[in-house]
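# Residue-level structural notes
What follows is each chain in one-letter form.
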Amino acid sequence: MKTYSTELKENILAKMLPPNNVSVPQLVRDTGIPRDTLYGWRRQAGSRRSLPATPATATGVLSSEEKFAAVVETATLNELELGAYCRGKGLFAEQIAAWRTCCQRANDALPSTTERAERRAEREQIKQLSRALQRKEKALAEAAALLLLQKKVRAIWEEPEDAPSPRNGALR
């Protein structure tokens, strides 16, 4: 098993994580390091919970406290300032917007047991209806195909009406 220096590993991780976000297949082509090794390094970097100065670029994973802090820090920023903040931290404005929404909904009331049961029943009914719809669509397609085949068979096997045949009584 080949070993790699920590400097190389950290350089590769820096390329893999935001803001660079170089894909693993691209890094495999560029460096020749096996993809499983690169995926393992990325997984290990994501599982580390160290809190460096710029956590998003170092580990790719932020704790809930860090996400909340980012939401609070960016609450009063305009679009340009938000862009500069995101570039500095290795984040995206969409991430911060999603975190803000989560923070706003954090203290919403939880659904009651009856509401959860109703939602579960609705989901089950939707599943049943979609299964029935799929079954009926298949039956309809099959019926259409049979009608088309029946029409083609009649066109092939029926004789013209002018020709004598036992059916129209010309030969007795």
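Throughout, residues of each chain are indexed from 1 in the direction in which the sequence is written. Only residues with pLDDT of 70 or above have their local features reported here, since the model is predicted, and side-chain atom pairs are shown and tallied only from 80 upward, although totals for entire chains, interfaces and linings are computed over all residues. Only hydrogens and water are removed before side-chain values are computed, so all heavy atoms of the structure are retained for them.

### Some remarks on the overall build of the chain
A tally of helices and strands in the chain yields eight helices and zero strands. Each helix is a run of H or I in the DSSP string that is no shorter than four residues. Each strand is a run of E no shorter than two, and both are numbered from the N terminus. Helices and strands in the chain line up, N terminus first, as α-α-α-α-α-α-α-α. Here, residues are in contact when the closest pair of their heavy atoms is within 4.5 Å. In the chain, of all internal contacts separated by at least 6 residues, the share reaching a separation of at least 24 is 45%. Each accessible area is a Shrake-Rupley estimate made with a 1.4 Å probe; only the visible protein chains count as cover when residues are assessed. Entry remark: accessible area of the chain is about 13700 Å², with carbon and sulfur atoms responsible for 56%.

### Some points on the pattern of salt bridges
Basic side-chain nitrogens of Lys or Arg form a salt bridge, by our definition, when they fall within 4 Å of a carboxyl oxygen of Asp or Glu. Counted according to the given criterion, the structure contains one salt bridge. For D36, the salt bridge is made with R35, and the minimal N-O distance between the two is 3.6 Å.

### Observations regarding the state of the cysteines
When the sulfur atoms of two cysteines come within 2.5 Å, that pair is taken as a disulfide. In total, this model carries zero disulfides according to the counting rule given. C103 supplies the cysteine sulfur nearest to C102, a cysteine that is in no disulfide, at a spacing of 7.0 Å. Relative accessible area serves as the criterion here: at 54%, C102 is assigned to the exposed category. A 1.4 Å probe rolled over the protein chains alone gives each residue an accessible area, and that area as a share of the maximum for its type sets the label: buried under 20%, exposed over 50%, partly exposed in between.

### Regarding a positive patch on the surface
A surface patch of like charges, here positive, comprises R116, R119, R120, R123, K127 and R131. Assignment of secondary structure puts R120 in helix 8 (residues 113-157). Nonpolar side chains (Val, Leu, Ile, Met, Phe, Trp, Tyr) within 5 Å and like charges within 9 Å form the patches, drawn only from residues with over 30% relative accessible area and no salt bridge. In this tally, Lys and Arg are treated as positive and Asp and Glu as negative; His is ignored, and so are the chain termini. Every charge is mapped to an atom, namely NZ of Lys, CZ of Arg, CG of Asp or CD of Glu.

### Some thoughts on helix 1 (residues 6-16)
Listing the buried residues of helix 1 in full gives I12, L13 and M16. Down the axis of helix 1, the buried set is contained in an arc of 100°. They therefore lie on one face. Of all possible arcs, the one meant is that of the directions from the helix axis to the C-beta atoms.

### Description of the nonpolar core
What is meant by a nonpolar core is a set of buried Ala, Val, Leu, Ile, Met, Phe, Trp, Tyr and Cys residues, joined one to another through side-chain atoms within 4.5 Å. By size, the foremost hydrophobic cluster in this structure holds 10 residues: I12, L13, M16, L17, V24, L27, I33, L38, W41 and A45. Counting nine residues, the second-largest nonpolar core is a separate cluster that includes V71, C86, I96 and W99.

### Here's the deal with a nonpolar patch on the surface
On the surface, V153, I156 and W157 cluster together into a nonpolar patch covering about 390 Å² of accessible area. Given a relative accessible area of 64%, I156 falls into the exposed group.

### Quick word on the environment of V72
Along the chain, V72 turns up in helix 5 (residues 64-74). Owing to a relative accessible area of 47%, V72 belongs among the partly exposed residues under this scheme. As for V72 and R100, which are separated by 28 residues in sequence, their C-alpha atoms are 8.6 Å apart.

### What to know about the packing of helix 1 against helix 2 (residues 24-31)
The angle between the axes and the distance between the axes are what describe a pair of packed helices. In this analysis an axis means a line fitted to C-alpha atoms, helices contributing only their contacting stretch, and an angle means the value between N-to-C directions, from 0 to 180 degrees. Orientation of helix 1 relative to helix 2, taken along the N-to-C sense of each, is 140°, at an axis distance of 10 Å. For the element pair helix 1 / helix 2, the angle class is oblique. Remark: the crossing between helix 1 and helix 2 carries right-handed chirality. On helix 2, the residues touching I12, K15 and M16 of helix 1 are V24, L27 and T31. The scheme is simple: roughly parallel for angles under 35 degrees, roughly antiparallel for over 145, roughly perpendicular for 65 to 115, oblique for anything else. Here a crossing is taken to be left-handed if its near helix is turned anticlockwise relative to the far helix by less than a right angle, and right-handed if that turn runs clockwise.

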